[in-house]
Protein chains: 2
Amino acid sequence: MTEIKKQAQASLDSLYRIFTVPEAPDSTLGKIDISISQNLAGFLQEHIVAAERDLDLIEKDFSNPFIPQQPSFVSDQIDFVLDKVVAQSVHIASPSFVGHMASALPYFMLPLSRIMTALNQNLVKVETSKAFTPLERQVIGMIHHLIYERDSDFYGKWMHDPAHAIGSFCSGGTIANLTALWAARNAVLPASKDFAGIAQEGLAAGLQHYDYRALAVLVSERGHYSLGKAADILGIGRRNLVAIETDANNRIRPDLLAQRCDDLRRAGTKVMAIVGVAGSSETGSIDPLNAIADIAQERGIHFHVDSAWGGPTLFSRTHRRLLAGIERADSVTIDAHKQLYVPMGAGLCVFKRPETLASVEHHAEYIIRKGSKDLGSHSVEGSRPGMAVLVHAGLHIIARSGYELLIDEGIAKAKAFAEIIKASSDFELISEPELNILTYRYLPEAAKALLASNDSAQRSASNMILNRITRLIQKTQRALGLSFVSRTQLNPQRYDRDPVVVFRVVLANPLTTMAILQNVLEEQRRIVKDPAVQEEIRSLSSLQGE
Amino acid sequence: MTEIKKQAQASLDSLYRIFTVPEAPDSTLGKIDISISQNLAGFLQEHIVAAERDLDLIEKDFSNPFIPQQPSFVSDQIDFVLDKVVAQSVHIASPSFVGHMASALPYFMLPLSRIMTALNQNLVKVETSKAFTPLERQVIGMIHHLIYERDSDFYGKWMHDPAHAIGSFCSGGTIANLTALWAARNAVLPASKDFAGIAQEGLAAGLQHYDYRALAVLVSERGHYSLGKAADILGIGRRNLVAIETDANNRIRPDLLAQRCDDLRRAGTKVMAIVGVAGSSETGSIDPLNAIADIAQERGIHFHVDSAWGGPTLFSRTHRRLLAGIERADSVTIDAHKQLYVPMGAGLCVFKRPETLASVEHHAEYIIRKGSKDLGSHSVEGSRPGMAVLVHAGLHIIARSGYELLIDEGIAKAKAFAEIIKASSDFELISEPELNILTYRYLPEAAKALLASNDSAQRSASNMILNRITRLIQKTQRALGLSFVSRTQLNPQRYDRDPVVVFRVVLANPLTTMAILQNVLEEQRRIVKDPAVQEEIRSLSSLQGE
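Residues numbered from 1 in each chain as written. Chains lettered and ligands numbered in written order. Predicted model: local features only at pLDDT ≥ 70, side-chain atom pairs only at ≥ 80, totals over all residues.

1. Some thoughts on the domain arrangement of chain A
Residue and element names in this part refer to chain A. Rules: These domain limits were set by an automatic method or by a database of domain assignments. Residues are defined as contacting one another if the C-beta atoms placed from their backbone atoms lie within 7 Å. Think of it as three bins: nonpolar holds Ala, Val, Leu, Ile, Met, Phe, Trp, Tyr, Cys and Pro, charged holds Asp, Glu, Lys and Arg, and polar takes everything else, Gly as well.
When cut into domains, chain A gives domain 1 (3–89), domain 2 (130–401) and domain 3 (404–545). Taking only C-alpha atoms into account, the centre of domain 2 sits 34 Å from that of domain 3. The interface is formed by 20 residues belonging to domain 2 together with 17 residues belonging to domain 3. Grouping the constituent residues of the side of domain 2 that touches domain 3 by class yields five nonpolar, twelve polar and three charged.

Structure (C-alpha cells):
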C-alpha cells in the first residue's frame, strides 16, 4: 500500500470503530454513564451550575458556525458537553423549580429510553417498527379508554384495525392540537358531488363549494398559543380563532360562546370546531366541558378538548369530576411528557369515533401503503421514535393508582400553598388552583390602598408598577438559580381586566415539599429587599401621595 | 395513624421511591443497561428474534385497552419489554438490513442521549433549555454554512439574533418540509394595505386579496409523500401539488417544469414554491438544482430543496457537485436521523435569508415572548427535546472528514453492487445509484424475451407477473429475518412507464460489506426456488406460449 492509501485505510478503520466499539467503563463517557444510572439526582446536582450566566456569555461557547474538518476525540466533546451544556442547562428535575410543566422523571424512564434509542425504531411503518406498531396502538387505546370508557368490543374491533385509527401519537400537544383541527377542518369540507374534498382541492375551493365566507375555531381567551399557530398553518387565519371571554375563574362563558357561534353562522362563517380547555397552561383552569358539549352538539360542531395538561386528572377519583363532559368530545389532546411523567417529546390526540381521522388519511408507494397497519397514514409527522414504549411503561409501573396519588398530591399541595399565600399579608393570590397550578404576586403594603381606590387610573398605574416588581423578582430568583417560578400575564376581572403579571407555580414534582414552597416565598421576600425592587416600591408610595 | 392512612402513606413512599431510587446494577434493568452500554451489537443480536412473527400474533400481546389499577413491578415490565417488544422489533442496525434509511449508530450517541434525557430540557424557550438554545442555534448555523457557505460576519450577525431565525430544528424531514412550505405560503400572501396577511386573515382571504385562483407547489413525480401531506395541511390542496415528469434517470425535466409554471400563472394560479429533490427516497436521484434555480429565480418563486436524504453528500469533495445549485435554494431540508447518524427524531430546515421565517413568527404571553431568544417562536412544534446536542456531537466527533468517508464509501458500495447486479443474468438493475440508493429486481430467463417483445400488452402482462414475484421475494426475505431490502414501485421509461415493483437498497450502514450484499442476492436466489415463486415463473412461461 502507498502511504496515502494506508492513511485512508486508517481513517476508515477508526471511523468503523465508533460504530462498533462501546465506551470503556473507565472512559469519561463510561463514567458519566454509570454516574447517571446510579445517582441521577446527584449527577444533576453536581454538574448543573445553579447561578445563571448571562445568555450572551453562554453564546460565546456556541459561536462557531463552521463544521470542523478533523474529528474531535469523544472525550473532548464530552468535556465540552459537561462544562458548557450540562453546566448551563436548567435543573428541570429540581423540587424547588416549581415553574415548569416538566418534573423529575421516574428512574426507570432512563434505562428504558436507552433501550428505545438502541433499537432506533421508526414508527412511521411496520417495516421499521414491528412490535412498536401494535404497542403504540395499544397505548392510544388505553388513553382512549381513560377518556371515553368504551367496552372491550369497541377496542377489540378498532384498536388494531388497519383501515382506522382512534388516535395519533406525536411529539407533543402542539402537534396533537394541529392533528385534531386538521381532521376537523377536513371533515367540514368533505368530498361531495363536483368536489373532491378539501384535502384534494384546497381550502379556498372548499369554502366556495360550500358557500362559507370563512372557517372559525372558538376557544376561551385562556386557549393555548398552539391553537393560534394551528389556525395559521391550516389556512384558517388567526383572526378566525375567536377568543371567548372567561369568567372570574378563567373558565369560558358558555353564554358568550353560544352567542358567538350563532352570530358567526349568520355572518356566513362555518364554525369548524370549539375547543374546551382542561387545564390551561397559565392558570390550570378547566372549562365547563358539559356546557360546551351541549353547545357543540346542538349545532353539530366538532368539540375538541385540549387537556394536554389536565387529562391525567381523570386518574383521580376525587378530582375527575372537574373534567365531566370530556367523554363527549370528538377529540382530546393529552401530553405524555407532562403529567404522565415521560421524557420530553411525547403527546397524543385521541378521537371518539374511529372514522374521524379518515379525513386526513394518506398513503404512498414505498411506505404507509393502503391496507397496511402503518401508523404514518394518520399522522402529521413522518419518521418518529418509539416514545410509546415509555408511556406503556408508565401506565403499567405507575398505573392508575400511582397516577391518582400524583394528581391528588399535586392538587392538595397547590391548595395548601394557596392558603399560605392568602394568609400572607405581603402576597396576593391571583388565581385559585383548580388543579395543581396557581398564580400570585408580591403585594407591598403601599399598593393595597391604591388597588382599593375608586380611581381606576390610579389602580392601573399601581398594577403597572406591581408588574415591574413581579418581573424583577421572578428574573432575579431565576438568575440566583436556587428556586424557580415562572411568570405570565393575566387580565383579572377584579382589576377591570388590567394586565397583571403574576408568578406561576406548577406543582407536579412529587419531590416538592411544603417546606420548599415556604422557602420560595422566603427567597422572594429577600429579593424584595434589593434596591431595584425597593425603588419600584417607593414609586408606588409616591403614587399614593399624588 | 389509622390502618388506611398507613396504607396511603406506604403507597406514597413507594411512589416517591420510583422518582428517587435508581436501579441497582444487579437488577434486571441495571443488567440490561450495562449490557447495552458495553455491547450494543451483542444486545441487539441476542434479544431481537430474527424470524418474523405474524403481526396478528404480535398484536395479542398488545390487546388490553385497560390501564391497570395496580402498579406492576419494574422487573415485570422490563421482562415484558424484552420478550414482547425488543424481541419483535426490527434490527435496524444490522449490516445485512439494507432497505432502511436508518443505520447503525455511532456508540457515543447512546450515552449522550441518556444525558439529554436526564436533563429533560424543553427547547421551546430559554427558561427550560438555557445553553441548549444557543447550542441549537449553532447547529442550525453549521448546517446553514454547510449549504450556503456565508462568511463569519453573516453568522456573527444572525446566528444568535433574537428577532430572526436562519432555520428551524424539528423532529424530522416531514416537519421540516412543512415549515419551509408554511413560510413560503405566508410570504406570497403578505400583509399589505387593507390586508393583515394570510397568518391573520386566512388563505381564502389572501387569495381573494391578491386575486389568485389558487396556490401551487411544483415538484417532480419523485417528490416525497410529506409534500402532499403539507399541501393538505396548509390548505393548498393535493391537486395543487403538481407532479412534473422525470427523465430516464428519475430527475425532473426542467423544460416541463418551466412550461408548467407559465401555464399555471396564465390560469391565475400563483406558484408559491418549486421543490427540488436531492436524494429521492425511492431512487436516491437528484434533480438538476441549478436548472430549477434558474426557473425559480426568473419567476421570483420560492425554491425549496428537500435534501432530507442527500444533504450530507455536501461533505464529500468528490460527490458534492451532484448538489450544485443547492446554495441558490431559499430553504433546504436535512434529516439528522438519516445520514448524520443521529437517533430517530431529528431534522432541520435552514433558510438562505434571515428574513424568510418571519412570515411564520409567533409569540405568547407566558412563553416565546417578543425579543426573547426562545426557539419556539419559529417552529411548527412546541415542546421539543434537546436532540441538537446529538447533532452537535456528530458534527464534532465525526466531523467533515468522517462524514465524507461515510458518504464516499456508501456511494462506492452502491456502484459496486450495481455492477454485480448488471453482471448477473438473473437480476435487472432498474435505477442506477446516483447516491447510495439503487433499485433492482429478479429477472427470470423466461421474462427476457417477453420484455423485449414488440407487443406492449405482453410486456405489461410480464411486468405484472414480475411485480408479484418481486413482492413475494421481498416479503419472504423480510419474514426470514436474516437480511432485508425494502421495495417500492417505479414507472421506468424503458417499460413505457408501466408500474414496476423493485427491491430498494440503501447503503448507509458503514458495517455493510460487499460479502453481505452478495449474500442478499444469494438468499433471493434461494427464495426463488420456493413453490409460490416457481408458480409465478411458470405463468410467465405460459404467457410466452400464448
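2. Section: unusual backbone geometry
In plain terms, the rule: The numbering of helices and of strands both runs from the N terminus, where a helix is a DSSP run of H or I of at least 4 residues and a strand a run of E of at least 2. Counts of 20 or more other C-beta atoms within 10 Å of a residue's own C-beta define buried residues, counts of 12 or fewer define exposed ones, and intermediate counts define partly exposed ones; C-beta atoms are placed from the backbone.
Positioned with a positive phi, Y341 of chain A is a non-glycine residue whose angle comes to about 60°. The residue Y341 of chain A is located in the loop between strand 6 (331–335) and strand 7 (347–351) in this model. Here the phi dihedral of R497 of chain B falls at roughly 65°; this positive angle occurs in a residue that is not glycine. Relative to the elements of secondary structure, R497 of chain B occurs in the loop between strand 10 (486–490) and strand 11 (500–506). Take R497 of chain B: there are 12 C-beta atoms within 10 Å of it, and that puts it in the exposed class.

3. Details of the relation of the copies chain A and chain B
Quick note on the threshold: The superposition of copies rests on a least-squares fit of C-alpha positions from residues with pLDDT of 70 or more in both.
Superposing chain A onto chain B takes a rotation of 180° combined with a translation of 0.0 Å along the rotation axis, leaving an RMSD of 0.0 Å. The superposition of one copy onto the other is thereby described by a two-fold rotation axis.

4. With respect to the interface of chain A and chain B
How large an interface is tends to be reported as the accessible area lost when its parts come together. On the side of chain B, 145 residues touch chain A, which itself brings 145 residues to the contact. When residues of the side of chain A that touches chain B are assigned to their parent elements, the largest contribution, nine residues, is made by helix 7 (residues 132–148) of chain A. Considered class by class, the residues forming the side of chain A that touches chain B number 79 nonpolar, 46 polar and 20 charged.

5. Considerations on the nonpolar core
The condition that has to hold: In this description, a nonpolar core means buried residues of the types Ala, Val, Leu, Ile, Met, Phe, Trp, Tyr and Cys, linked to one another by C-beta atoms lying within 7 Å.
Formed by 338 residues in total, the largest nonpolar core has its most connected members in V217 and I274 of chain A together with V217 and I274 of chain B. Once residues lying within four places of it in the same chain are set aside, the contact partners of V217 of chain B are L181, L227, A231, I236, N240, L241, M272, A273 and V275 of chain B.

6. Description of the packing of helix 15 (residues 388–397) of chain A against helix 5 (residues 74–86) of chain B
Here is the rule: The convention used is that axes are lines fitted to C-alpha atoms, helices contributing only their stretch in contact, and that angles between N-to-C directions extend from 0 to 180 degrees. Put simply, a crossing is left-handed when the front helix is turned counterclockwise from the back one by less than a right angle, and right-handed when it is turned clockwise.
Interaxial distance between helix 15 of chain A and helix 5 of chain B falls to 10 Å at its minimum, and their mutual angle equals 145°. Taken as a pair, helix 15 of chain A and helix 5 of chain B cross one another with a handedness that is right-handed. Touching V389, A393, H396 and I397 of chain A of helix 15 of chain A are V74, Q77, V81 and V85 of chain B, all from helix 5 of chain B. Taken together, the residues of the contact of helix 15 of chain A with helix 5 of chain B break down into six nonpolar, two polar and no charged.

7. Quick look at the environment of M272 of chain B
Residue and element names in this part refer to chain B. Mapped onto the elements of the fold, M272 is located in strand 4 (residues 269–277). On the basis of neighbour count, M272 is assigned to the buried category, with 24 C-beta atoms found within 10 Å. Residues M272 and A102, 170 residues apart in the sequence, show an inter-C-alpha distance of 32 Å. Contacts of M272, omitting those with residues within four sequence positions, involve A184, R185, V188, L215, A216, V217 and H302.

8. Some points on helix 12 (residues 225–233) of chain B
An α-helical turn contains 3.6 residues, so any two residues separated by three or four positions project in the same direction. All names here are of chain B. Counted residue by residue, helix 12 has eight buried out of nine residues, so it is predominantly covered. Buried residues of helix 12: S226, L227, G228, K229, A230, A231, D232 and I233, and no others. Downstream of helix 12 by one or two residues, G235 has phi in the positive range, about 80°.

9. Regarding the packing of helix 17 (residues 445–452) of chain B against helix 18 (residues 456–480) of chain B
Residue and element names in this part refer to chain B. Spelled out, the test is: Between 65 and 115 degrees an angle is taken as roughly perpendicular, under 35 as roughly parallel, over 145 as roughly antiparallel, and anywhere else as oblique.
Relative to each other, helix 17 and helix 18 sit at 150°, their axes nearing to 8 Å. The orientation of helix 17 with respect to helix 18, classified from their angle, is roughly antiparallel. Every pair of crossing elements has a handedness; the one defined by helix 17 and helix 18 is left-handed. Seen from helix 17, the contacting residues are A447, L450 and L451; seen from helix 18, they are Q458, R459, S462 and L466. Residues of the contact of helix 17 with helix 18, tallied by class, amount to four nonpolar, two polar and one charged.

10. Some details on the sheet that holds strand 1 (residues 167–170) of chain A
All names here are of chain A. Operational definition: Pairing between strands requires that DSSP locate at least two bridges from one strand to the other.
On the basis of which strands lie adjacent, the open sheet formed by seven strands has the order 1-7-6-5-4-2-3 and mixed pairing. Only two strands of the sheet have a single partner each, and these edge strands are strand 1 and strand 3 (241–244). Pairwise comparison of adjacent strand axes, ignoring direction, gives a mean angle of 20° for this sheet. Bridging between strand 6 and strand 7 involves five bridges; their strand directions are antiparallel. Bridge pairing in strand 7 places T333 opposite C349.

11. Considerations on helix 2 (residues 28–38) of chain B
This is how it is decided: The directions considered for the arc run from the helix axis to the C-beta atoms.
Within the sequence span of helix 2 of chain B, burial applies to L29, I32, D33, I36 and S37 of chain B. Taken down its axis, helix 2 of chain B places every buried residue within 125° of arc, on the same side.

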